[in-house]
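# Fold and contact review
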Amino acid sequence: AQSVAQPEDQVNVAEGNPLTVKCTYSVSGNPYLFWYVQYPNRGLQFLLKYITGDNLVKGSYGFEAEFNKSQTSFHLKKPSALVSDSALYFCAVSPMDSSYKLIFGSGTRLLVRP
Amino acid sequence: DAGITQSPRHKVTETGTPVTLRCHQTENHRYMYWYRQDPGHGLRLIHYSYGVKDTDKGEVSDGYSVSRSKTEDFLLTLESATSSQTSVYFCAISDPMRGVSTEAFFGQGTRLTVV
């Protein structure tokens, strides 16, 4: 079965420190990979995606993600966290079949303390 | 923000009643999706549409039906609501066939409570 795992329910980090939110996936072929962020009572906002090419992709708000094909991982990173980064983060994979659907991880809540 | 409007934004309904949620887009995207969000599960696909009158089931389609009579509108119907359908429902749109962007854009969500 195709799946996405976000092993941490919550990540705590101090403002100014680097952050990492982990994601691994089990999808056949060469899927497209995405990160979305959700603020309270809001919809999901697109952060970044990996389609092909450079394994390090840059996205919105200073976030970046590193694709590792051998480990089937796509970890989200930011060099210096802000309190305003506190939100719920979702990793998603599109197997790029005819549905172009997204398979989501369970989400990781990021809490950045001042 | 992508032009996606979900209505209603909040609804409380009784067990056994039918409920219809609406998603309206102004982006002329070919694909439309309905997901539900539940704690510990992330978002799960209910149904999707790949064109007018073209729909297919997702991972958690039991108890739900959809219709798409126009490009811009995608309706989700709970034929007889149950408490297990209490959730937050999100509509999403995408048009990967255009080759410009492959990401999906999401509406603001509908919080449905079945009592």
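The numbers attached to residues start from 1 for each chain and follow its sequence in the written order. Both sets of labels track the order of writing: A upward for chains, 1 upward for ligands. Totals for whole chains, interfaces and linings use all residues, but because this is a predicted model, local features are given only for residues with pLDDT of at least 70 and pairs of side-chain atoms are given and counted only at 80 or more. Side-chain calculation: all heavy atoms of the structure are included, whereas hydrogens and water are not.

Turning to the overall build of chain A, a few remarks are in order. Secondary structure assignment for chain A yields zero helices and 12 strands. In sequence order, the secondary structure elements of chain A are arranged as β-β-β-β-β-β-β-β-β-β-β-β. A globule of 114 residues ought to have a C-alpha radius of gyration of about 13 Å, and chain A, at 14 Å, matches this closely. For chain A, the spread of C-alpha atoms along the three principal axes comes to 45 × 30 × 20 Å. Contacts: residue pairs with any heavy atoms within 4.5 Å of one another. Considering only contacts within chain A whose residues lie at least 6 apart along the sequence, 55% involve residues at least 24 apart. Working definition of accessibility: Shrake-Rupley area with a 1.4 Å probe, residue cover restricted to the visible protein chains. Working note: accessible area of chain A is about 5400 Å², and carbon and sulfur atoms make up 48% of it. Here chain A contributes 10 positively and 8 negatively charged side chains, and the mean placements of these two sets differ by 3 Å. Helix and strand definitions here come from DSSP, where helices need a minimum of 4 consecutive H or I residues and strands a minimum of 2 consecutive E residues; each element is numbered from the N-terminal end. Based on C-alpha atoms, the radius of gyration is set beside the globule rule, defined as 2.2 Å times the residue count to the power 0.38. Counted as positive: Lys and Arg. Counted as negative: Asp and Glu, with His and the chain ends omitted from the count. By convention, charge coordinates are those of NZ in Lys, CZ in Arg, CG in Asp, or CD in Glu.

We define a salt bridge as a side-chain nitrogen of Lys or Arg found within 4 Å of a carboxyl oxygen belonging to Asp or Glu. Taken as a whole and assessed by the stated rule, the structure comprises seven salt bridges over all chains. One connected set of salt bridges, linked through shared partners, spans B:Arg22, B:Lys70 and B:Asp73.

What follows concerns the side chain of A:Ser94. Residues and elements named next belong to chain A. By secondary structure assignment, the location of Ser 94 is in strand β10 (residues 87-94). Partly exposed describes any residue whose relative accessible area lies between the buried limit of under 20% and the exposed limit of over 50%, with all areas from a 1.4 Å probe on protein chains only and scaled to the type maximum. We classify Ser 94 as buried; its relative accessible area is 2%. Of note is the side chain of Ser 94, whose polar atom sits 3.1 Å from the backbone oxygen of Lys 101. Those residues in contact with Ser 94 that sit more than four places away from it in its chain are Pro 31, Tyr 32, Phe 34, Tyr 100, Lys 101 and Leu 102. Under the rule applied, a polar contact is a pair of N or O atoms within 3.5 Å (in protein, one hydrogen donor and one hydrogen acceptor; residues adjacent in sequence only if both atoms are side-chain atoms).

Our next topic: the interface of chain B and chain A. Taken together, the 23 residues of chain B in the interface contact 21 residues of chain A. Carbon and sulfur atoms make up 55% of the surface buried where chain B meets chain A, a total of about 1700 Å² over both sides. Take the accessible area each of two parts loses on contact, using a 1.4 Å probe, and add the two losses: that sum is the buried area. Considering only the surface of chain B that becomes buried against chain A, B:Thr102, B:Glu103 and B:Phe106 emerge as the three largest contributors, covering 26% of it. We note a salt bridge from B:Glu103 to A:Lys49, for which the minimum N-O separation is 2.8 Å. For the interface between chain B and chain A, the tally reads seven residue pairs in polar contact (both at pLDDT 80 or more). Of all the secondary structure elements, the ones that give two or more residues to the side of chain B that touches chain A are β4 (31-38) and β5 (42-51) of chain B.

Two faces belong to every sheet, and in a regular strand the side chains alternate between them. All names here are of chain A. If DSSP finds at least two bridges between two strands, the strands pair. Note: strand β5 (residues 32-38) against strand β6 (residues 44-50), six bridges, orientation antiparallel. Looking at β6, one finds that Leu 33 is bridged to Tyr 50. Linking two consecutive strands that pair antiparallel, namely β5 and β6, is a turn of five residues; a positive phi of about 60 degrees is found at Asn 41 within it.

A few words now on the state of the cysteines. All names here are of chain A. Defined by distance alone, a disulfide is two cysteine sulfur atoms within 2.5 Å. According to the stated counting rule, one finds two disulfides over all chains in the structure shown. With a sulfur-sulfur separation of 2.0 Å, Cys 23 is cross-linked through a disulfide to Cys 91. In this structure the cystine formed by Cys 23 and Cys 91 twists about its S-S bond by roughly -60 degrees; its chirality is therefore left-handed. Of the two residues, Cys 23 is situated in the loop between β3 (19-21) and β4 (24-26) and Cys 91 in strand β10; the sequence distance between them amounts to 68 residues.

In short, the description is geometric, and any link to function would need to be established separately.
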